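Coordinate inspection notes
The chain contents come next:
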Amino acid sequence: MASPLLNIALPEPIVLPALELTGLYACVLGIDYLLLRNQNKLPFISKSTLRIGMTLTHAAIPLAVISPLSPNNVIFAAAPWFLASYSAYLPTENFTLKEWLQSLYNTIVDREDKSTQNIHRAGLVKALRGIFKLAILYFGVEPLLSAMPDEMLQYPWFSQKSLTDTFLFGLKAYLILGAVDASTGLAQALTGWRMVDMFDYPFLATSPIDLWSKRWNKIIRNLLHAQVFASNRPIATKKDDDNEKKPTVGFFSTNTGRGLLSFLVSGAFHELTVCSVCRKLTLENFAFFTIHGLACMIESIYFPKNKPTSYTEKAIRIAGQLSFLVITGRLFLAPFLRHRFTEIIPLTYK
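Small disclaimer: the values here were computed from a predicted structure and weren't measured.

Details of the packing of helix 2 (residues 47-64) against helix 10 (residues 255-278)
- Two numbers describe how helix 2 lies on helix 10: the axes approach to 8 Å, and their chain directions differ by 25°. Taken together, the axes of helix 2 and helix 10 lie roughly parallel to each other. Packed against helix 2, whose contacting residues are His58, Ala59, Pro62 and Leu63, the element helix 10 presents Leu272, Cys275 and Ser276 at the interface.

Shown next as structure tokens:
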């Protein structure tokens, strides 16, 4: 079943072995560093134009050049974009290469956790938690899924089959990332550096803001927060003196607008990943993140700091948030299911 929004096929890409593609991205990131390091010495191009050029370059490469394996292409589309995007907001012109690499590494090191728990032991616990997630995936979730992932797209959106499979495939996506817990936990146990947890029990979220700001993929959340909220652009604020003339500001200069903008950026990034992996432009992922961005915007305007006051209210909110995620989740999953992306992911049940 084709996308109900858009269905544009991309041209055939250049296919390179993973090692060669890794070398290509390493070279491009090195060029990024040199350009940012010497941006004040480039009179023929402004800083903003340089960053736009870098963005377009990192968007174009995964569309034109891919590896033979689809799971690899998710990493190749995501990781370089993440590193380049974060670098663009660093004072890279003042950094040595070692300081730049250290700053990039700091995105996955948790500086805010003040726990007195032994870091090495906590790393082992995190690694075991990741292995446990993968075990649940293989023995508990995979046997319940259809052998043909795209089969659910033939059913009406609100049918029991569609909603059930959306939940199960969403759960699978979460559990697959237990591999990240296992690898970062092992790294933490060996190095003593406390790694950022990607997730904080996302299925217990009580609202859209609770999910996206506190519980889901905190590494990307930190990056978008740094780019959208902590940039040098002025934030619109209310003047104390009502008689003082207020400056004219646009919607995206407010905190509310910037919050929505972070979802639009995330939606565009996920569309880029879909195009690289599935070779289709469908706008479904962009629509998914736009809807959730609007939901967060409405919550921030009309229900700010409205936390549940009892276990019953919390349970009702968790059920409501999970229902909202399941209803809209088909938009996110559909491009990958059509491509049967989940069939070639390791740990798929046979």
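Once the structure has been displayed, the description carries forward.
Quick look at the environment of Ala205
- Here Ala205 lies in the loop between helix 7 (178-191) and helix 8 (208-215).
- With relative accessibility at 1%, the residue Ala205 sits in the buried group.
- Taking the C-alpha atoms as reference, Ala205 lies 6.8 Å from Gln321; in sequence the two are 116 residues apart.
- Beyond its immediate sequence surroundings of up to four residues, Ala205 is in contact with Asp210, Leu211, Arg215, Arg317, Ile318 and Gln321.

Some remarks on the side chain of Glu142
- As for its position among the elements, Glu142 is in the loop between helix 5 (119-141) and helix 6 (160-176).
- At a separation of 2.5 Å, a polar atom in the side chain of Glu142 contacts the side chain of Lys172.

Focus on the packing of helix 10 against helix 11 (residues 284-302)
- Interaxial distance between helix 10 and helix 11 falls to 8 Å at its minimum, and their mutual angle equals 165°. One element, helix 10, and the other, helix 11, form an angle in the roughly antiparallel class. The handedness of the crossing between helix 10 and helix 11 is right-handed. In this structure, helix 10 contributes Thr256, Leu260, Phe263, Leu264, Ser266, Gly267, Ala268, His270, Glu271 and Val274 to the contact, and helix 11 contributes Glu284, Asn285, Phe286, Phe289, Thr290, His292, Gly293, Leu294, Cys296, Met297, Ser300 and Ile301.

Reading the values: the criteria
- Residues numbered from 1 in each chain as written.
- Predicted model: local features only at pLDDT ≥ 70, side-chain atom pairs only at ≥ 80, totals over all residues.
- Heavy atoms only, no water.
- Axes fitted to C-alpha atoms, helices over the stretch in contact; angles between N-to-C directions.
- Helix = DSSP H or I, 4+ residues; strand = E, 2+ residues; numbered from the N terminus.
- Parallel < 35°, antiparallel > 145°, perpendicular 65-115°, else oblique.
- Contact = heavy atoms within 4.5 Å.
- Buried < 20%, exposed > 50% of the residue type's maximum accessible area, 1.4 Å probe, protein only.
- Polar contact = N/O pair within 3.5 Å; in protein donor to acceptor, adjacent residues only side chain to side chain.
- Left-handed = near helix turned anticlockwise from the far one by under 90°.

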